[in-house]
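These are the residues of each chain, in order.
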Amino acid sequence: MAKKVKDYFGLSWIVSLILAIIPITSMVLGVLTRFKEGKYLAAILRLVLGWNVIWILDIVFIFLNQRILRVLDM
């Protein structure tokens, strides 16, 4: 069985959901999470585009999948 990776530095999904609801926290932690994964282009896209639609989608994805939206997963 594969290890389930938790977003926002391994915090539980409920804590991640609470952090995702706050727009600034969601944007900063989303960018930092992508940098931590080594996905630099995705982190830059989150920084530029992550203040509106990506923020709402992060809330939905954390609630449903316990992971943030992966815009570029390469």
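With that settled, consider the pattern of salt bridges. Tallied over the entire structure, the rule returns two salt bridges. With its nearest N and O atoms 2.5 Å apart, the salt bridge here joins E37 to R34. With a relative accessible area of 29%, E37 lands in the partly exposed category. Taking relative accessible area as the criterion, R34 reaches 1% and is therefore assigned buried.

Here the focus is a nonpolar patch on the surface. Side chains of L11, W13, I14, V15, I18, I56, V60, F63 and L64 sit close together on the surface and give an oily, nonpolar patch of about 810 Å² of accessible area. Those elements that provide at least two residues to the nonpolar patch are α2 (13-21) and α5 (53-65). Take V15: its relative accessible area is 35%, and that puts it in the partly exposed class.

Among all positions of α2, only S16, L17 and A20 are buried. Summarising the axial view, the buried residues of α2 lie within an arc of 100°, below the 170-degree limit, and thus occupy one face. On its buried side, α2 packs onto α1 (7-10), α3 (23-36) and α5.

Here the focus is the nonpolar core. Judged by nonpolar contacts, Y8, L17, A20, L29, I62 and I68 together constitute the single largest core of six residues. Those residues in contact with Y8 that sit more than four places away from it in its chain are S16, L19, A20, S26, L29, G30, T33, D58, I62 and I68.

Next up on the list: α3. If you check α3, its first and last C-alpha atoms are 20 Å apart, about what 14 residues at 1.5 Å a residue would give, namely 20 Å. What α3 keeps buried is the set S26, L29, G30, V31, T33 and R34. Residues of α3 that are buried in the fold lie against α1, α2, α4 (40-49) and α5. G38 occupies a position one or two residues after α3 and carries a positive phi of about 85°.

What counts and how
Residues numbered from 1 in each chain as written. Predicted model: local features only at pLDDT ≥ 70, side-chain atom pairs only at ≥ 80, totals over all residues. Heavy atoms only, no water. Salt bridge = Lys/Arg side-chain N within 4 Å of Asp/Glu carboxyl O. Buried < 20%, exposed > 50% of the residue type's maximum accessible area, 1.4 Å probe, protein only. Patch = residues over 30% accessible without salt bridge, like charges linked within 9 Å, V, L, I, M, F, W, Y side chains within 5 Å. Areas by Shrake-Rupley, 256 points an atom, 1.4 Å probe, with all protein chains shown as cover. Helix = DSSP H or I, 4+ residues; strand = E, 2+ residues; numbered from the N terminus. Arc of directions from axis to C-beta. Contact = heavy atoms within 4.5 Å. Core = buried A, V, L, I, M, F, W, Y, C linked by side-chain atoms within 4.5 Å. Expected span 1.5 Å × (residues − 1).

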